[in-house]
Amino acid sequence: MEQRRETLPDSLDFTVENVEKALHQLYYDPNIENKNLAQKWLMQAQISPQAWQFSWVLLSADKVPEIQYFGASALHIKISRYWSDIPTDQYDSLKSQLFSQITSFATGSKIVLTRLCVALASLALNMMPDSWPCAVSDMVCMFQENGSNLDGRARCLALLELLTVLPEEIQTIRLPQYRKGQVRNALTQESGPVFPLLLQLLQQRESPSSIKQKVLKCFSSWVQLDIPLTQCENLIQVALVSLQDAELFDTAVEAVVNAISQPDAQRYVNTLLKLIPQVLALQDQLRQAVQNGDMETSHGICRIAVALGENHSRVLLDQVEHWQDFLSLVNMIMFCTGIPGHYPVNETTSSLTLTFWYTLQDDIMSFETEKQAVYLQIYRPVYFQLVDVLLHKAQFPSDEDYSSWSSDEKEQFRIYRVDISDTLMYVYELLGTELLSNLYDKLGRLLTDTDHPASWQHTEALLYGFQSITETIDVNYSDVIPGLIGLIPRISINNLQLADTVMFTIGALAEWLADHPVMINSVLPLVLHALGNPELSISSVSTLKKICRECKYDLLPYAANIVSVCQDVLMKQIHKTSQCMWLMQALGFLLSTLQVEEILKNLHSLISPYIQQLETLADETPNSSNKMAIIHILGLLSNLFATLDISHHDDDLEGTEVKKQPLVPGPNPVVMVLQQVFQLIQKVLSKWLNDAQVVEAVCAIFEKSVKTLLDDFAPMVPQLCEMLGQMYSTIPQASAIDLTRQMVHIFANEPTHFPPIKALFLLVTSVTLNLFHQGPRDHPDIVDSFMQLLTQALRRKPDLFLSESLDMKAIFHCGILSLKFPEAPTVKACCMFFAELLQRCGDIAPAGQVVHEEGRLLLQTVLEGIGGQASRLLMDQFADILFVLNKHCFSYLSIWIKEVMQQQGFPSSRVTQEQKNTFAQQILRVRVNKRRVKEMVKEFTLICRGLHGTEYAAD
């Protein structure tokens, strides 16, 4: 049966009865739509003028807590957001009423009490410091008076609640920045009566646990106002003692950590020095907790030690005469780093300490040479110990334990190991090559000790340490790497994780192997063997790819074997799609260094099976499974051709315009293969033309080949241009335009290739203009790619726009239409096109003509976008168009901008004629400073949107 839709009272009839009815609907109506309606109506009620009347009634003792809570919340919203509506002569009565309500609720509902306290806190902060200079003292006095019927404990808890929310409310209160600073200072000065009261309550033996909990929470709240550490000193000491009480432990930890983490604390060196022995005194409790498996306690104590060490290491290191105390604290943190158990299953503490080690290292290295030398003498042994501890923590548990871990625990452990890896890499900067020697000695002893065979976990962790360092640091100068390469084949690989780490370590050493090719044969067989194991797919394939990329000129003796193994695993379909693509890239790098005949021979054996498969698939009726097979094969070819580059150009020059000379005359092997399979690809296309993914995969083959081969691709230009034209004419797709753009970029300036490129460009333009006539809204990707093509053509070969068959006016209007698209990338591409076109007004007659005739429309569209029709994130791009218009079409712009700005309500009804005139004058005045134009546009768009001067605008 359909649920009845409730009707809510008239939107302005905010009476007590109606509010209660809406609250009942919100809490108890099963219909979600009714709940949503009630919520919207109640939000209106909360901000209505009537809220001042109904809120107090809703707080009556006979109402249920949900209704009372709404009343208290409404009061808080009225005070915090609509303060300016409250007449000053009502401040005192409002204060008294709130005090009275807080007293009433001191023994009532806790959530209502908290909300009332937040309302009074908001009132106090709005009145401080002028209208209520002693707010905090008054609050303390009010609750210490014995006039009310409340027992002392209830009054005390109510006061503590109020004092706790007061500093918290300043974080969220809506005040101008200067007022916020004033109020914060006033509140800090008012802390005078608070801290002695908190200390007294915390030290009183008869104070119940609930009071002490609240005291610690209140202290936590106040220290975030940057109270001088000297004022907090006694409370921190008592809080540290409170750690012995299990009920108070968590709140005490929070309070101590907040107190010693405040930025201002480092100014109070003597207090910090006094705190070190008190924190060190917690070591027995810490050890006991670790022994008993009490993770919460060890975690909390570790947080305190790390907070003291991490926030103040620089200032504490500076106190040279106290170096032993600080070293003891460092050793305590080391104990926490090496806490027994496996993260995150048996312990969660060690990860807290990692950033401390970065901070300490940075601070040591920041000292002047003499002082640094002293501290390096003390702390180098500590950091060597840290490496041992971290490698122990990075060890995998036993296979049995690991198999019982959840996937989430395994993932957390993986991330933890990455953090350890980053720490080791950083520590290398302090310890240098001695660290690698240290690791090498340990690994050597481990692998040669036949009496005590090492666990695979131990071996794996040491290798992981090597991998962490060699991945990012140039180890060419280390004399231990040859020894390490010699040790790797001696490792008994009987475990998946160990095998993975061996692979990644070899991969991390690929650059070193390129400089020491004689060592390649020691590790390459391991990699090729691992390729046959699907469980080592990612590590083995990525390592082979690195070796083929870095060492390609030294792989000639192994090339046949590598190709054979790769072919075998590809045919057996051992690896997932992405690893198959990486394998093809690896083979592309490898084949690049061979003689042309060798390349062709290898290419023939490598891709013939796929070509045969593709021929079969091309004859089949299209369906989803053969579509995926086609895309897979096309992907393999494009990844192979992406890295197969026989011209051996410098890898550092990728992406720049390089004229590459082939090492051997004659056709390029990739081009020869492409020519052989061209008809087959056309056949595949003819059946799959309306499938964007297949078309994209076909285009990718040629796009990657063109990018790699550059001029060598020349023989293919005419037939590819013809095929692209046929493809795009039949079913326009963005990938075809992107490939056209690539062709324009590389070949449009070559006289030989200009005719086919020009014909393709004109055809693509004509088809796309027809698409615009039919309605382009369904094809934002095509419009985006088309705008990028036009921009590229303007930059690379403006002559393309001189053709009589090119309708410049239609292109211009398509651009205008595209500027109004909701898709940001499309609008950005369009703005780049206009910015480029406007710069060419003088060189390209048709461009000058169309800007002269239609430029006013462009300006109007840009200003509409700035006025609020376009996303605020696009304002820099719209500003670029205004800047170029001003620079290249100033005489037009000065007339147009005055004309369009005269329109009523344009570009927004929120902006005055005077503001429009000012903006126009500013734009016309700035002709060289693009950044200034962007600032003016951002400011004007905020005015147009009614956001100028708001918090939202500031964000």
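Everything here concerns the structure above.
Residues numbered from 1 in each chain as written. Predicted model: local features only at pLDDT ≥ 70, side-chain atom pairs only at ≥ 80, totals over all residues. Heavy atoms only, no water.

Here's the deal with the nonpolar core
- Core analysis: the largest hydrophobic core is formed by 342 residues, its most contacted members being Trp-222, Tyr-379, Leu-544, Phe-702 and Phe-713.
- No other element matches the 12 residues that helix H6 (residues 110-127) contributes to this core.
- Other than its neighbours up to four places away in sequence, Phe-713 contacts Val-671, Leu-674, Phe-702, Ser-705, Val-706, Leu-720, Met-743 and Phe-747.
- Counting 14 residues, the second-largest nonpolar core is a separate cluster that includes Val-19, Leu-23, Trp-41 and Phe-54. (Core = buried A, V, L, I, M, F, W, Y, C linked by side-chain atoms within 4.5 Å. Buried < 20%, exposed > 50% of the residue type's maximum accessible area, 1.4 Å probe, protein only. Helix = DSSP H or I, 4+ residues; strand = E, 2+ residues; numbered from the N terminus. Contact = heavy atoms within 4.5 Å.)

Details of helix H11 (residues 209-223)
- The terminal C-alpha atoms of H11, which comprises 15 residues, lie 21 Å apart, in line with the 21 Å expected from a rise of 1.5 Å per residue.
- Within H11, 11 of the 15 residues are buried, leaving the element largely enclosed by the surrounding structure.
- Regarding H11, the residues found buried are Ile-211, Lys-212, Lys-214, Val-215, Leu-216, Cys-218, Phe-219, Ser-220, Ser-221, Trp-222 and Val-223.
- Against helix H7 (135-144), helix H8 (152-172), helix H9 (177-189), helix H10 (194-203), helix H12 (229-242) and helix H13 (249-261) lie the buried residues of H11. (Expected span 1.5 Å × (residues − 1).)

Observations concerning the packing of aromatic side chains
- For the structure on display, the rule yields 26 aromatic pairs.
- Between Tyr-892 and Trp-896, the aromatic rings sit 5.2 Å apart at their centres with planes inclined by 20 degrees, giving stacked as the arrangement. In this pair, Tyr-892 and Trp-896 both sit in helix H43 (residues 890-901), 4 residues apart, roughly one turn of the helix.
- By relative accessible area, Tyr-892 is classed as partly exposed at 28%.
- Overall, Trp-896 belongs to the buried group, its relative accessible area being 8%.
- What links up through ring pairs into an aromatic cluster is the set Tyr-343, Phe-396, Tyr-402, Trp-405, Phe-413, Tyr-416 and Trp-456.
- The ring of Phe-335 is capped by Arg-287, whose NZ or CZ atom sits 5.3 Å from the centre of that ring.
- Above the plane of the ring of Phe-821 lies Arg-777, whose end atom (NZ or CZ) is 4.6 Å from the centre. (Phe/Tyr/Trp six-rings, centres within 6.5 Å; stacked < 30°, edge-to-face > 60°. Lys NZ or Arg CZ within 6 Å of the ring centre and 35° of its normal.)

Section: the environment of Ser-437
- In this structure, Ser-437 sits in helix H22 (residues 433-448).
- Classification of Ser-437 by relative accessible area gives partly exposed; the value is 24%.
- Sequence-wise, Ser-437 and Ala-121 are 316 residues apart; in three dimensions their C-alpha atoms are separated by 62 Å.

With respect to the pattern of salt bridges
- Within the structure shown, the criterion is met by 31 salt bridges.
- A salt bridge links Asp-799 to Lys-797, with the shortest nitrogen-to-oxygen separation between them at 3.8 Å.
- Residues Arg-840 and Glu-836 are paired through a salt bridge, measuring 3.4 Å at the closest nitrogen-oxygen approach.
- One connected set of salt bridges, linked through shared partners, spans Arg-314, Asp-318 and Lys-371. (Salt bridge = Lys/Arg side-chain N within 4 Å of Asp/Glu carboxyl O.)

Comments concerning unusual backbone geometry
- Following Met-128, the chain continues into Pro-129 via a peptide bond in cis, with omega recorded as -5 degrees.
- Inspection of the secondary structure assignment puts Pro-129 in the loop between H6 and H7.
- With an omega of 0 degrees, the peptide bond between Tyr-343 and Pro-344 qualifies as cis.
- Positive phi, normally seen in glycine, also occurs at Asp-226, with a value near 60 degrees.
- You can see Asp-226 is positioned in the loop between H11 and H12.
- Overall, Asp-226 belongs to the partly exposed group, its relative accessible area being 31%.

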